[in-house]
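# Inside the fold
Residues per chain are reported as follows:
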Amino acid sequence: MLAGYAVHVEQSRGRRFSEASHPYRNDFQRDRDRIIHARAFRRLEDKTQVFTRRYSDHFRNRLTHTIEVAQITRTVAGALNLNVDLAETLALVHDLGHPPFGHAGEKALDAVMRSHGSFFDHNLHALRIVEDFEQRYAAFPGLNLTFEVREGIIKHSRDYDAAQHPELAEYLLHQRPPIEAQLIDLTDEVGYNTADIDDGYEAHLLTLEQIVSSLPIFARFFRQAQETYPHVAEKLKFNEALKAVFNRLTSDLITNTQSHIERAGINTVADVRREPERIAGFSPEAEADRKQIKAFLYENLYYSPSLAEEKDEAEEVVNGLFAFWLENPSALPRNYQEKAEQESLPRVICDYIAGMTDHFIVEQYEKYCGG
Ligand code: MG
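The text that follows walks through the structure, step by step, so that each part is easy to find. (Residues numbered from 1 in each chain as written. Predicted model: local features only at pLDDT ≥ 70, side-chain atom pairs only at ≥ 80, totals over all residues. Heavy atoms only, no water.)

## Topic: a negative patch on the surface
- A contiguous patch of negative charge, built from Glu309, Asp312, Glu313, Glu315 and Glu316, is present on the exposed surface.
- Tracing the sequence through the fold places Glu315 in helix α14 (residues 305-327). (Patch = residues over 30% accessible without salt bridge, like charges linked within 9 Å, V, L, I, M, F, W, Y side chains within 5 Å. Areas by Shrake-Rupley, 256 points an atom, 1.4 Å probe, with all protein chains shown as cover. Salt bridge = Lys/Arg side-chain N within 4 Å of Asp/Glu carboxyl O. Lys, Arg positive; Asp, Glu negative; His and termini not counted. Charge placed at Lys NZ, Arg CZ, Asp CG, Glu CD. Helix = DSSP H or I, 4+ residues; strand = E, 2+ residues; numbered from the N terminus.)

Quick look at the structure:
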C-alpha cells in the first residue's frame, strides 16, 4: 500500500541503457541486488566506521553500519508507506563512496586533492563507482541503476549547487529528492549516534557516568532501566537505555515526517520535489537530542586523544602513497595508468586510493613508503 507521495517503481525514469524487465523482481529490487553484489559493497567490510579492528572484532565497520542503516530505513519507510525497496537500496549504497580510514581518510584525501585544485566528495565518488568503476555486465558499463537510485546517491545528504556542478544537471538539483532519499541522512544518524555510544562504551573510551551526565535523554531511560531491572548487569541496563534512545529517535522521525506531510498537504512525489525544504525530519525536541548526542560524540569520541593517533596515521598513509604515485605513476596498476591518459593523474590516484580497504592501503604503504 504505497502512499501517493511515495515513489512508484512503474513511474521510474528508468536506466541509462534499457533492459528487459525481470519476471519477479522490480527495478528497485534489482538495483538493491546489484549493489549487494558489487565489489565496492564487499569492500565496506574492511573500511573503518569509527573504530579500527585494533579495538575489537565486534565493533561496527562500514558494512555492518550500512546493514543497520538499511534496517532502520526499512522500518521508517514502511511505517510511512513509502517505497521500501527504493529506500533500502539507497541505505545500502549510502556509504559506498567512502575511502579507507573513515572520516580521517576522507579529510586527508580531500585536503590533498584541494592542493591540486580539486576536491574529494564521497557522494560523487559513489556515483562514479556505480556508473563506471564497477564492471560486471557485458552489455553496459557500471551497474546501470535507475535514475531514482542515482539521484538519491547524490542528493540524500545534501544539496549540490547547480552552477558549481553542471555535470549533475540531470539530477534536478533545484528540486528536493523524494522522501525515500531524504530519510537516509536521518536514519544514518540514528544508526551511528546510537552505535557509536555503544562501541565507545565497550571500548572504554566513554564511561557510563560521562554518558549519563552529558545526555539527559540517555539518563532518563537509564533510570527507567534501573527501576525495571535493578538486579541485572550494568551493560544490560545500558542496552535497555540505548535501545530506548534508538526507538525514540526512530519513532519521532516517523511521526514528525508524517505530520509534516499532512501539514504541507503533500500528495504526490511532484509535491515533495516542489517543497522549498526537506520533508523528512525530527521534531524540534528530538532534533535537540540528536544534536546533543552528536556534539557529545564529537567532543568525547571522534576527537578524543585515543583516536587522534590513528587519525595521524591515516593522514600519513594517504599523503605518503599519494605523493609516491604522483612521482611514480608507472607503479600504478596498468588500468589506472591507462585512465591517467584520459584524466588528471591526481584524480586517478584519488580514485584508486578511495576504493581501497584499510588493510590494502596499509599493505601498499608498507610496500612503497617503507612505513
Ligand atoms: Mg553512513
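## As for the packing of aromatic side chains
- Scanning the model with the defined rule gives 13 aromatic pairs in all.
- Summarising the aromatic geometry, the rings of Phe218 and Phe238 are spaced 5.5 Å apart at their centres and angled 55 degrees between planes, so their arrangement reads as tilted. With Phe218 in helix α10 (residues 216-228) and Phe238 in helix α11 (residues 234-263), this residue pair connects regions lying 20 residues apart in the sequence.
- Take Phe238: its relative accessible area is 0%, and that puts it in the buried class.
- Among the aromatic residues, ring-to-ring pairing joins Phe324, Trp325, Tyr336, Tyr352 and Tyr368 into one connected group.
- In this arrangement the basic side chain of Arg34 is found over the ring face of Tyr137, its NZ or CZ atom lying 5.2 Å from the centre.
- If you follow Lys339 out to its NZ or CZ, it ends over the ring of Tyr336, 6.0 Å from the centre. (Phe/Tyr/Trp six-rings, centres within 6.5 Å; stacked < 30°, edge-to-face > 60°. Buried < 20%, exposed > 50% of the residue type's maximum accessible area, 1.4 Å probe, protein only. Lys NZ or Arg CZ within 6 Å of the ring centre and 35° of its normal.)

## A short note on a nonpolar patch on the surface
- A cluster of nonpolar side chains, Tyr229, Val232 and Leu236, forms an exposed patch at the surface whose accessible area comes to about 250 Å².
- Classification of Val232 by relative accessible area gives partly exposed; the value is 32%.

## Side note on the environment of Glu310
- Position of Glu310 relative to the elements: it lies in helix α14.
- In sequence terms Glu310 and Thr52 are 258 residues apart; their C-alpha atoms lie 8.6 Å from each other.
- Those residues within four positions of Glu310 in sequence are excluded, and the remaining contacts are Thr52, Arg54 and Tyr55. (Contact = heavy atoms within 4.5 Å.)

## Let's talk about α11
- With 30 residues, α11 should reach 44 Å at 1.5 Å per residue; the first-to-last C-alpha distance of 43 Å fits that figure.
- Among the residues trailing α11, Gly265 stands out with phi positive, at a value near 65 degrees. (Expected span 1.5 Å × (residues − 1).)

## Focus: the pattern of salt bridges
- Per the stated rule, a full pass over the model turns up 32 salt bridges.
- Put simply, Arg15 and Asp27 hold a salt bridge, and the shortest N to O gap is 3.4 Å. One end of the pair, Arg15, is in the segment before α1 (27-36); the other, Asp27, is in helix α1, and 12 residues separate them in sequence.
- Between Glu170 and Arg150 there is a salt bridge, and its shortest N-O distance comes to 3.5 Å. Taken together, the positions of Glu170 in the loop between α7 (147-155) and α8 (179-202) and Arg150 in helix α7 put the pair 20 residues apart, joining distant regions of the chain.
- Assessed through its relative accessible area of 35%, Glu170 is described here as partly exposed.
- Exposure remark for Arg150: the relative accessible area of 3% places this residue in the buried category.
- If you follow the salt bridges from partner to partner, you end up with Arg15, Glu19, Asp27, Arg30, Asp31 and Arg34 in one network.

## Some points on the nonpolar core
- Grouped together as the largest cluster of nonpolar side chains are 50 residues, with contacts concentrated most on Ile179, Leu183, Ile211, Phe218 and Leu301.
- Every element with two or more residues in this core is listed here: α3 (62-79), α8, α9 (208-214), α10, α11 and α13 (284-302).
- Counting residues per element, this core draws most heavily on α11, which supplies nine residues.
- Apart from the residues lying within four places of it in its own chain, the contact partners of Leu301 are Val50, Phe51, Asp196, Gly200, Leu205, Leu206, Phe296 and Leu307.
- Grouped together as the second largest cluster of nonpolar side chains are 36 residues, Val9, Leu86, Leu124 and Ala126 included. (Core = buried A, V, L, I, M, F, W, Y, C linked by side-chain atoms within 4.5 Å.)

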